[in-house]
Amino acid sequence: MSETAALQQLRLVAFDQEDLEVISANLQDALVQVGDMAFLADSKQFAFLAARFDWVKAATGCLERCRTGLHFERVLKVSCAGFAQRDKTRILNLLSIGFRETAAPGGEIDLIFSGGCALRLQVECLEARLRDRDERWKAKALPGHPCNQEPRSE
């Protein structure tokens, strides 16, 4: 791997809500295949691989995606809504990740995907790590979402 490629690799850690907001912003519009998600109950870990859109490089006019891994530690339970875990080839578009403390330092991490899909992780505490992998490729287009329609005036 070249030095330039190593400098492009993003590595982030989150131990509080503010840290997680940085990870969430960098993973906005990441594409996650359901089959690339795993909950390892015995080791209390949840992880997935994603095709992350590089919003920082996009500001310079370069549209790229890269393979990124995100994992959470101290996960007690995982729930999903809007999709089935058996749909291994389904691709979800990640919109945001948030944390809500329920019983300090524990709480719930919500991963919100487009199309009404979501994951909720119940955690002992917030501990997340994001790391880019070597693989990068040109994106076909800038991700976008239709705006909510304006209410009609009568």
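Our subject is the structure that appears above.
A brief structural summary. (Residues numbered from 1 in each chain as written. Predicted model: local features only at pLDDT ≥ 70, side-chain atom pairs only at ≥ 80, totals over all residues. Heavy atoms only, no water.)

1. Section: the overall build of the chain
Moving on, step 1. Of the regular secondary structure elements, the chain holds three helices and 10 strands.
Moving on, step 2. Secondary structure elements in the chain, listed N-terminal to C-terminal, are α-β-α-β-β-β-α-β-β-β-β-β-β.
Moving on, step 3. Counting only residues that meet the buried cut, the chain has 40% of its 154 residues in that class.
Moving on, step 4. Taking the intrachain contacts of the chain between residues at least 6 apart in sequence as the baseline, contacts between residues at least 24 apart amount to 65%.
Moving on, step 5. For the chain, the accessible area works out to roughly 9200 Å², and carbon and sulfur atoms hold 50% of it. (Helix = DSSP H or I, 4+ residues; strand = E, 2+ residues; numbered from the N terminus. Buried < 20%, exposed > 50% of the residue type's maximum accessible area, 1.4 Å probe, protein only. Contact = heavy atoms within 4.5 Å. Areas by Shrake-Rupley, 256 points an atom, 1.4 Å probe, with all protein chains shown as cover.)

2. Here's the deal with the pattern of salt bridges
A side chain with one charge can pair with a side chain of the opposite charge if their charged atoms come near.
Moving on, step 1. For the structure on display, the rule yields 12 salt bridges.
Moving on, step 2. Close ionic contact of Arg136 with Asp54 constitutes a salt bridge, the shortest N to O distance being 2.4 Å. One end of the pair, Arg136, is in strand β10 (residues 128–138); the other, Asp54, is in the loop between β4 (45–53) and α3 (55–58), and 82 residues separate them in sequence.
Moving on, step 3. Given the relative accessible area of 22%, Arg136 is considered partly exposed.
Moving on, step 4. Because the salt bridges share partners, they merge into one network encompassing Asp54, Lys57, Glu64, Arg136 and Lys138. (Salt bridge = Lys/Arg side-chain N within 4 Å of Asp/Glu carboxyl O.)

3. A word on the environment of Ala25
Moving on, step 1. The residue Ala25 is located in helix α2 (residues 17–27) in this model.
Moving on, step 2. With 71 residues separating them along the chain, Ala25 and Ser96 place their C-alpha atoms 7.2 Å apart.

4. Re the state of the cysteines
Moving on, step 1. Counted by the stated rule, this structure contains zero disulfides.
Moving on, step 2. In this structure Cys117 is a free cysteine whose sulfur lies 8.8 Å from that of Cys80, the closest cysteine sulfur available.
Moving on, step 3. The buried category is assigned to Cys117, whose relative accessible area is 1%. (Disulfide = S-S within 2.5 Å.)

5. A look at the packing of aromatic side chains
Each pair of aromatic rings is reported with the distance of its centres and the angle of its planes.
Moving on, step 1. Within this structure, the stated rule accounts for two aromatic pairs.
Moving on, step 2. Where Phe46 meets Phe48, the ring centres are 6.4 Å apart and the plane angle is 65°; that geometry is what we call edge-to-face.
Moving on, step 3. A relative accessible area of 3% places Phe46 in the buried class.
Moving on, step 4. Its relative accessible area of 3% is what places Phe48 among the buried residues.
Moving on, step 5. Ring geometry for Phe53 and Trp55: centres 4.7 Å apart, planes at 65°, overall edge-to-face.
Moving on, step 6. Phe53 gets classed as buried once you look at its relative accessible area, which sits at 0%. (Phe/Tyr/Trp six-rings, centres within 6.5 Å; stacked < 30°, edge-to-face > 60°.)

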